Amino acid sequence: MLLQVNHLQKIFQTRFSKEKTTALQDVAFGVDKGEYIAIMGESGSGKTTLLNILATLEKPTSGSVILNDQDITKIKENQLAVYRREHLGFIFQDFNLLDTLSVRDNIFLPLVLGRQKTAIMEQRLAQLAPKLNIADLLNKQPFELSGGQKQRVAIARALITQPELVLADEPTAALDFKNSEALLSLLESINQAGQTILMVTHSAMAAAHAKRVLFIKDGRIFHQLYRADREVPAFMQEISLTMTNILGTEVQ
């Protein structure tokens, strides 16, 4: 198993108040290498807190997260940036590209920070760019790109480090329907090539492209669905019904 989440609890307490808020309680699940998992839940359910802990951006109050036999919750603060860069890939809803850098340099950035050799960087980009349909964009600046193009560049940046796990935070939120569909098909093909993906989303359409969906409510994993051999429309319908009937909220 690539990732094992064990009995996570996260309690927030404000600095000037004794009031405590439990964001996660006894969250436990596993992720096999090559899986594509979506996490769904309404606002305030704990899904963003869970993603932040998996991304090593927050520490849990208790519990552990084991990625390839290493408890990432125990990594020292001064080693976290290097760990993220070498083991995790990130896809954000607002792309997080630097307008002062070219598309090529945005993609290279995590490898530059890791002092990777230029020849290796170019080799990896040469493999990625055609697959992501961005070969003709490499010399452009991010402000010259459409939303869909920016997200494909962001995916290239996430994949170029060859991460063990890609974490996607609402990757279709800033895109229109056409670009969302194209991006989801792209993520699905990346997963079929062997990349493990964990995506937080509020969209049933996005979740329906995953192989498994975990539903979180009040800080707990409440239910899960497996896609199996179902087509996206059929799985999307079941996801929507689950969100409506079990979690008590309607989704698109």
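Here, the structure is the one placed above.
Model, not experiment: these values are computed from the prediction.

This part takes up the nonpolar core. Grouped together as the largest cluster of nonpolar side chains are 49 residues, with contacts concentrated most on Ile107, Ile134, Ile155 and Ile239. Take this core: its biggest share by element is 6 residues, from helix H5 (residues 147–159). Aside from chain neighbours lying at most four places away, what touches Ile134 is Ile107, Ala129, Arg152, Val153 and Ala156.

A few words now on the sheet that holds strand E5 (residues 70–71). Judged by pairing direction, the sheet is antiparallel, and its 4 strands sit side by side in the order E2-E1-E4-E5 without closing on themselves. Edge positions in the sheet fall to strand E2 (20–31) and E5, since each has one partner strand and no second. Sheet analysis places strand E1 (residues 3–13) next to E2, joined by 8 bridges and oriented antiparallel. Across the sheet, Ile11 pairs through a bridge with Thr22, a residue of E2.

This part takes up unusual backbone geometry. For Glu170, which is not glycine, the phi dihedral falls at a positive 45°. Mapped onto the fold, Glu170 is located in the loop between strand E7 (165–169) and helix H6 (177–192). With a phi close to 55°, Ala228 is a non-glycine residue in the positive phi region. Within the secondary structure layout, Ala228 lies in the loop between strand E10 (220–226) and helix H8 (232–245).

Quick look at the side chain of Lys47 now. Residue position: Lys47 is located in helix H1 (residues 47–54). Of the buried charged residues, Lys47 lacks a salt bridge, with Glu170 as the closest side chain of opposite charge at 4.8 Å. One polar contact links the side chain of Lys47 to the main-chain carbonyl oxygen of Glu42, over a distance of 3.5 Å. Setting aside residues up to four positions removed in sequence, Lys47 forms contacts with Ile39, Met40, Gly41, Glu42, Glu170, Val200, Thr201 and Ile216.

So, on to the environment of Asp32. Position of Asp32 among the secondary structure elements: in the loop between E2 and strand E3 (36–40). For Asp32, a relative accessible area of 37% translates into the label partly exposed. Linking Asp32 and Gln4, residues 28 residues apart in sequence, is a C-alpha distance of 8.8 Å. When sequence neighbours within four positions are dropped, the list of residues in contact with Asp32 reads Met1, Leu2 and Thr196.

Considering all chains together, one arrives at 3 salt bridges under this definition. A salt bridge links Glu188 to Arg227; the shortest N-O distance between them is 2.9 Å. You can see Glu188 sitting in helix H6 and its partner Arg227 sitting in the loop between E10 and H8, a full 39 residues away along the chain. For the pair formed by Glu188 and Arg227, the shared burial category is buried. For Arg230, the salt bridge is made with Glu238, and the minimal N-O distance between the two is 1.9 Å.

Conventions and cut-offs
For every chain, the first residue of its written sequence is number 1, and the numbers climb from 1 along that sequence. For this predicted model, a pLDDT threshold of at least 70 governs which residues receive local features, and a threshold of 80 or more governs which side-chain atom pairs are given and counted, while totals over whole chains, interfaces and linings are taken from all residues. With hydrogens and water excluded, all non-hydrogen atoms of the structure serve as input to the side-chain values. Here, the term nonpolar core denotes a set of buried Ala, Val, Leu, Ile, Met, Phe, Trp, Tyr and Cys residues that are joined through side-chain atoms within 4.5 Å. Note on classification: 1.4 Å probe, protein chains only; a residue is buried when its accessible area is under 20% of the maximum for its type, exposed when over 50%, partly exposed between these limits. Each helix is a run of DSSP H or I of at least 4 residues and each strand a run of E of at least 2, with the numbering of both proceeding from the N terminus. Contacts between residues were defined by any pair of non-hydrogen atoms, one from each residue, lying within 4.5 Å. Paired strands, as defined in this entry, are two strands with at least two bridges between them according to DSSP. Charge assignment in this entry is limited to Lys and Arg as positive and Asp and Glu as negative, and neither His nor the chain termini are counted. For salt bridges, the criterion is a side-chain nitrogen of Lys or Arg within 4 Å of an Asp or Glu carboxyl oxygen. We call two N or O atoms a polar contact when they sit within 3.5 Å, provided that within protein one can donate a hydrogen and the other can accept it, with sequence-adjacent residues counted only if both atoms are side-chain atoms.

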